[in-house]
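Single-letter residue listing:
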Amino acid sequence: MKRSWIILSSMVLLMVSCKMGKNYKGTDVVVPNSFGEPGQPYTGITDTVNTDSLSYLTSEALQWWGLFNDPVLDSLVKVAEKNNKNLLVTAENILQARYQLNIQNAEFLPKFNLQGSAQRGNFLFNQVRTESDFFNLGAGLNWELDFWGKYRRLSEAARNELLGSEFGYRNLRISLYSQVAETYFSLLEAKALLEIGEKNKALRDSMLGIIQERYDKGIIPMIDVNQAEIQYAIAASSVPFYQRRLVQIQNTLNVLCGRLPQPIETTSELKEMNYEIDLPVGEPYRLLARRPDLLELEARLIAQNARIGAAQANRLPAISVSGLLGVGAQNVEQLSFADPIWYIAGSISGPIFYWGQLKRQVDIERSRRFQRLFQYEQGVLVAFQEIENLRIQVITLKEQIEIGENRVRSALNAQMLSRERYAKGVTSYLEFLESQRQAFDAEIELAGYRRELLATYAQLYKALGGGWQNDQQP
């Protein structure tokens, strides 16, 4: 008995320790020393990055939009997180991957089958053909031992596919926050543009009335009236355009929130938003552990690496155990477990000559691993590109906003002065029209810069992997 336990323990230990394929050792990735500064890049190994699973994004780190101090934006993000249909679809992907892991892990265990039959016929016994019945009922067992680690590799692949699904959900969640914020900023811009359009329309309407009176008194020619009517029509046509755009943006925002179209009341104005936000981008190397899309790509790479081992194990013999325990009799009343039917057997079977099919399958899995590796490396390059593009975009947009604000002040003052000059007959109406056009264009352009900077903050939040907290913050 002692010898049997030693043999059994040795077989189990050998079976657990034997696993085909190479374990994942990380991936070499070239990363810059810092963002926006010249320096020699270096090679980092992703296996040394502490991804801390899915616990990095705490609720405090996620609520970056609180920097804008806008309760409407805060409520929209929370509604979208709860009701967005695409996010709910992705959550189901996690559930399916979890079930798939459970299915795969069941391959480690023996499978039991219930079987039974009832027969009647003229069987040949001792050269005499007689009619008889035969009934049997039993349970069968079939168990393929994971001697070469095939099922362990497939379980590893399924486990990392599950992890990839979770990272994919996290990436979509971050993208949703960013998209809601960007759309909300577009909504504020649309309301600002509508206000500018209505103000300009009212200004040109009042000016048209003054010019019409001056024409009626014979002070100015008819061409001034025509020019005023044209300018009023231009300003008036912008109002329904901005009204249409406003409603369309509201509808887009409502779809993101998973609800039917409805008006969205805002409490903030575009010009009142916070445009001075400090962005602790951190070290480039840590970006590999922050961005969920990169973590998802790496998890898929690890899963594919495990499938190579499973394909290699398919080329080796399979060791199985089978058995049966049941009862049989010539009538149902005689079925009894007092004298059961049983057997237990072990078998080994393996491929000898498959014309290279199994070897080519290993080659296919290795090729797929290279695909996953190249996809991961491309994702890293794109991630650093996004950070650099957005970083310089923030810097330059702040400069453009400052210039735009000065331009608006000067344009509005020039519009006021030219109106007074025209009313006193010092200058022509064309000068006043030109000052009106420049003021209108300046206000429109400034609103666009402001919306673009706010949207860039949201995009940078996403590019950094979500959350702007540094190591010193709780």
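A quick note: this is a predicted structure, and the numbers were derived from the prediction, not measured.

(A) Highlighting the overall build of the protein. Check the secondary structure of the protein and you find 10 helices and 6 strands. The buried share of the protein, taken over its 474 residues, is 40%. Contacts spanning at least 24 positions in sequence make up 80% of the contacts within the protein whose residues lie at least 6 apart. Taken as a whole, the protein presents about 26900 Å² of accessible surface, with 55% of it coming from carbon and sulfur.

(B) Local environment of helix α10 (residues 429-463). The end-to-end C-alpha distance of α10 is 51 Å, a good match for the 51 Å that 35 residues give at a rise of 1.5 Å each. G465 occupies a position one or two residues after α10 and carries a positive phi of about 90°.

(C) The arrangement of the pattern of salt bridges in detail. In total, this model carries 27 salt bridges according to the counting rule given. For the salt bridge of K78 with D74, the shortest nitrogen-to-oxygen distance reads 3.2 Å. Here K78 pairs with D74, and both are found in helix α3 (residues 71-83), just 4 residues apart, close to one helical turn. Residue D74 is classed as partly exposed on the basis of its relative accessible area, which comes to 22%. As a salt-bridge pair, E365 and R368 come within 3.3 Å of each other at their nearest N and O atoms. Of this pair, E365 and R368 both sit in helix α9 (residues 357-423), 3 residues apart, which is roughly one turn of the helix.

Cut-offs and rules
Residues numbered from 1 in each chain as written. Predicted model: local features only at pLDDT ≥ 70, side-chain atom pairs only at ≥ 80, totals over all residues. Heavy atoms only, no water. Helix = DSSP H or I, 4+ residues; strand = E, 2+ residues; numbered from the N terminus. Buried < 20%, exposed > 50% of the residue type's maximum accessible area, 1.4 Å probe, protein only. Contact = heavy atoms within 4.5 Å. Areas by Shrake-Rupley, 256 points an atom, 1.4 Å probe, with all protein chains shown as cover. Expected span 1.5 Å × (residues − 1). Salt bridge = Lys/Arg side-chain N within 4 Å of Asp/Glu carboxyl O.

These figures capture arrangement, not role.
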